[in-house]
Every structure is written in structure tokens, then in C-alpha cells.
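Structural features, examined
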Amino acid sequence: MNADRWLADTRTSYDTVAVSYADQLREVLAGKPYLRAALTLFADLVHAAGRGPVADVGCGPGHVTAHLHGLGVDAFGIDLSPVMIDIARRDHPGLRFEVGSMTDLHLADASLVGLLALWSLIHIPDEAVPTVFGHFRRVLRPGGPLLLGFHVGDGSRLKTQGYGGHPMNVHVHRRQPDQVAAWLRHAGFTVEAQMLIDPDESVPGAVLFARRQS
């Protein structure tokens, strides 16, 4: 799959749905107690690691970035979609948001104390995941915590409509936690914990905690 093409399609799709997406997700954490618990644990791990900047990669409209900030984390958001970033800056004017891609993070080596990517890896094809995880390792300090969230399952599907009925053109990739954990270990991470969310639903979620090896 051509990287320029799928990245452009993902950017355009989320620019198109950004307003509806933000409206639907603005209060989503209120109904996700297990995800909130995972974010609280992640914040505790960040504080224990010595504090410092934390990147929310694939931040969308910034609701998770803002939640982490409320937990005392120096969080900032990165997203591929410029319209998403505009909304995040509007809704959370005191926080930092910037346009960028997890496939080519423009951050200094070992500049982050922590990093999370919640349901943003779902649009990254398998062949690009090692590159993404390589960037995650590069920008994290040794011992820095990593939090991932993703759809559990097998295979991919093309999403052509979503979030208010707007047109989209993105592939959604579902993965088994063991596969994601294996990729992380190969990239130089230690996997510390994983949790299934809504395991009885048609598409469960997984939350995975890891740490950059020294």
C-alpha cells in the first residue's frame, strides 16, 4: 500500500468528519470507566518516571490530551488532520496541539517522558507499524511508559462513511494483542500489562502498557 496515498486518504477523511467526530467524542470518557482508569494509571507512571512532556499521538479533537492535563500530565497532542488540530486548539486553548504523523514524528530523540496512541494505530497498515514503533522508541526516554489502545480482531475493512454520515476512505485494521506485543518487543519495548475492554462486544478494544527499554 502506497504510504503517501493512505496517509493522504486518512488526513482527508478526518478533515471531512472532524466536526461531527469532535461532537460525538467530546464527552465519551464519561462513559468509559476502564479507559479512564487506564489513563489514571498511565498518569501515575508518567509522574513516577520523573515528569516531563507526554505526546498524545493521534489526539483528534484533544479530549484525551485535556483529560491527562487534568491529571497533572504535561500532555500535548499530535494529529494528522489539520482540521482536528484546529478544533483541539479551539476547545482547549491552553494546551499545545500540532499537525504531524506518527510515521515521521518530528520530535527530538529521548525528548518525551511518556507517549500514548489511543485508537490511532487502527489506520496504520501492518508494514508501517515497525516504523511507527521505532519512532515511538526513539522519542521516548529510556524507561518511559507507552500506552496503546486499538481494536481487537483479525483483518481489515475499508470504511467509506462515518461520524455523521460523511464520506471517508480509510482502512481500519483490527489486531490481536499478542501480535501488537510482539511488534513492541521487537522494537525495544518491555510489555508490562494488557487489558481487554468490552470483550463481549462485536469489536472489543485492547489497552496495552509498555516501557522503552534502556
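See the structure printed just above.
Residues numbered from 1 in each chain as written. Predicted model: local features only at pLDDT ≥ 70, side-chain atom pairs only at ≥ 80, totals over all residues. Heavy atoms only, no water.

**Notes on the overall build of the protein**
Counting its regular elements, the protein contains six helices and nine strands. For the protein, the C-alpha radius of gyration of 16 Å lies close to 17 Å, the compact-globule estimate for 214 residues. Across its three principal axes, the protein shows a C-alpha extent of roughly 45 × 35 × 35 Å. Buried positions account for 50% of the 214 residues belonging to the protein. Across the protein, the fraction of contacts at a sequence separation of at least 24, relative to all contacts at a separation of at least 6, is 67%. A total accessible area of about 9700 Å² is found for the protein, and carbon and sulfur atoms account for 51% of it. Positive and negative charge centroids in the protein, built from 19 and 22 side chains respectively, lie 3 Å apart. (Helix = DSSP H or I, 4+ residues; strand = E, 2+ residues; numbered from the N terminus. Rg over C-alpha atoms; globule rule 2.2 N^0.38 Å. Buried < 20%, exposed > 50% of the residue type's maximum accessible area, 1.4 Å probe, protein only. Contact = heavy atoms within 4.5 Å. Areas by Shrake-Rupley, 256 points an atom, 1.4 Å probe, with all protein chains shown as cover. Lys, Arg positive; Asp, Glu negative; His and termini not counted. Charge placed at Lys NZ, Arg CZ, Asp CG, Glu CD.)

**Things to note about the side chain of T65**
Take T65: it is sitting in helix α3 (residues 63–70). Contact partners of T65, with chain neighbours within four places excluded, come to D56, C59, A75, F76, G77, L95 and F97.

**Looking at the packing of aromatic side chains**
The full count for this structure, using the stated rule, is three aromatic pairs. Aromatic side chains Y14 and Y21 sit 5.8 Å apart centroid to centroid with 85° between the ring planes, which places their arrangement in the edge-to-face category. For Y21, a relative accessible area of 16% corresponds to the buried category. Pairing Y21 with Y163 gives two aromatic rings, centres 4.7 Å apart and planes at 75°, and the pair type is edge-to-face. (Phe/Tyr/Trp six-rings, centres within 6.5 Å; stacked < 30°, edge-to-face > 60°.)

**A word on the sheet that holds strand β4 (residues 114–118)**
If you walk across this open sheet you meet the seven strands as β3-β2-β1-β4-β5-β9-β8, and the pairing is mixed. Both outer strands of the open sheet, β3 (97–99) and β8 (189–197), are each paired with one neighbouring strand and no more. Sheet twist, expressed as the average angle between the axes of neighbouring strands with direction ignored, equals 20°. Packed onto the sheet, helix α4 (residues 82–91) meets β2 (74–79) and β3 and runs at close to 170° relative to β3. (Pairing = 2+ DSSP bridges. Axes fitted to C-alpha atoms, helices over the stretch in contact; angles between N-to-C directions.)

**Brief notes about the pattern of salt bridges**
Should their charged atoms come close, side chains of opposite charge can pair. As enumerated under the stated definition, the model contains eight salt bridges in all. In this structure, E192 and R211 form a salt bridge, with 2.9 Å as the shortest nitrogen-oxygen distance. You can see E192 sitting in strand β8 and its partner R211 sitting in strand β9 (residues 205–212), a full 19 residues away along the chain. Under the relative-accessibility criterion, E192 is labelled partly exposed at 43%. (Salt bridge = Lys/Arg side-chain N within 4 Å of Asp/Glu carboxyl O.)

**Concerning the layout of surface pockets**
The volume enclosed by the largest pocket comes to roughly 1100 Å³. Lining the largest pocket are 47 residues, with Y21, L118, W119, I122 and H151 sitting closest to its centre. Elements with a contribution of two residues or more to the lining of the largest pocket: α1 (3–25), β1 (53–57), α3, β2 and β6 (156–162). Split by residue class, the lining of the largest pocket holds 25 nonpolar, 13 polar and nine charged. (1 Å grid on protein atoms, 1.4 Å probe; cavity = no way out; pocket = protein on both sides within 12 Å on 5 of 7 lines; lining within 4 Å. Points joined across faces, edges and corners; volume = space filled by probe spheres on them. Nonpolar A, V, L, I, M, F, W, Y, C, P; charged D, E, K, R; others polar.)

**Let's talk about the packing of helix α5 (residues 129–139) against helix α6 (residues 177–187)**
The N-to-C vectors of α5 and α6 enclose an angle of 55°; their axes lie 9 Å apart at closest approach. Relative to α6, α5 is oriented oblique. Crossing of α5 against α6: the hand is right-handed. Residues V129, F133 and R137 of α5 pack against V180, W183, L184 and A187 of α6. The class makeup of the residues in the contact of α5 with α6 is six nonpolar, no polar and one charged. (Parallel < 35°, antiparallel > 145°, perpendicular 65-115°, else oblique. Left-handed = near helix turned anticlockwise from the far one by under 90°.)

**Quick look at α5**
Within the sequence span of α5, burial applies to V129, V132, F133, H135, F136 and V139. Seen from one end, α5 has its buried residues packed into an arc of 155°, which puts them on one side. Buried residues along α5 sit against β1, β4, β5 (145–151), α6 and β8. (Arc of directions from axis to C-beta.)

These figures capture arrangement, not role.
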